[in-house]
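One letter stands for each residue in the lines below.
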Amino acid sequence: MVAAIAARALASAPAECAIPAENARPLDLNIRRDVDHLEADLALVGRTAERFRDYDRTIPLRSQSIDARQRVATRPDRAYHYCIAILTDQVAAAHHLDAGAIAAFK
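The structure reproduced in this document is the subject of the present report. Small disclaimer: the values here were computed from a predicted structure and weren't measured.

Within the protein chain, the secondary structure is distributed over four helices and zero strands. Ordered by position from N to C terminus, the α and β elements of the protein chain give α-α-α-α. Considering only residue pairs separated by 6 or more positions, the protein chain has 67% of its internal contacts joining residues 24 or more positions apart. Here the protein chain has roughly 7,300 Å² of accessible surface; of this, 58% comes from carbon and sulfur atoms.

What follows deals with the packing of aromatic side chains. Counted under the stated rule, the structure contains zero aromatic pairs. Taking the ring centre of Tyr80 as reference, the NZ or CZ of Arg53 above it sits at 4.1 Å.

Let's shift gears to the environment of Ala18. Mapped onto the elements, Ala18 comes out in the loop between helix 1 (2-12) and helix 2 (32-57). The exposure class of Ala18 is partly exposed, given its relative accessible area of 43%. Along the sequence, Ala18 and Ala49 sit 31 residues apart, while their C-alpha atoms lie 8.7 Å from each other.

If you look at the biggest cluster of nonpolar residues, it comprises 17 residues, and the most contacted ones within it are Leu38, Val45, Cys83, Leu87, Val91 and Ile102. Among the secondary structure elements, those contributing two or more residues to this core are helix 2 and helix 3 (66-94). The dominant element in this core, judged by the number of residues it contributes, is helix 3, at seven residues.

To continue, consider unusual backbone geometry. Although it is not a glycine, His96 sits at a positive phi angle of roughly 55°. Within the element layout of this structure, His96 appears in the loop between helix 3 and helix 4 (99-105). Judged by relative accessible area, His96 falls into the exposed class, the value being 55%.

Calculation rules
Residues numbered from 1 in each chain as written. Predicted model: local features only at pLDDT ≥ 70, side-chain atom pairs only at ≥ 80, totals over all residues. Heavy atoms only, no water. Helix = DSSP H or I, 4+ residues; strand = E, 2+ residues; numbered from the N terminus. Contact = heavy atoms within 4.5 Å. Areas by Shrake-Rupley, 256 points an atom, 1.4 Å probe, with all protein chains shown as cover. Phe/Tyr/Trp six-rings, centres within 6.5 Å; stacked < 30°, edge-to-face > 60°. Lys NZ or Arg CZ within 6 Å of the ring centre and 35° of its normal. Buried < 20%, exposed > 50% of the residue type's maximum accessible area, 1.4 Å probe, protein only. Core = buried A, V, L, I, M, F, W, Y, C linked by side-chain atoms within 4.5 Å.

Right, here's the structure in full:
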C-alpha cells in the first residue's frame, strides 16, 4: 500500500532536469569498465531529458497570443536539448572529460 502511494506521488511530481550527483573521478575511455560507466551515465541523461520534455508538454499555455501558440509547439524539444546540454556538461565535469570527448563517444 505504501509503495503504491509513493509510486503515485513520484509519478505526479514535476520532472526536473537533474541527475543524482556522483563522486567525481576521471574516466579512461580505453578501459571497458569506464566506457560502460559513461554509457550508463549518458543513458540516464537521455532518460532524464525525455522525462523533462514529456513534463514540459503538460505545462498549459498561459497566453493565446499567436507568438505563444507558435512557441509552445517547440518548447518541449527546446527543453529536451537544454536538459541534454546541462546534464552532459555535469557528467563531463564529474569525470574530467571535455565535451568533445563525450560528443565523439556518442
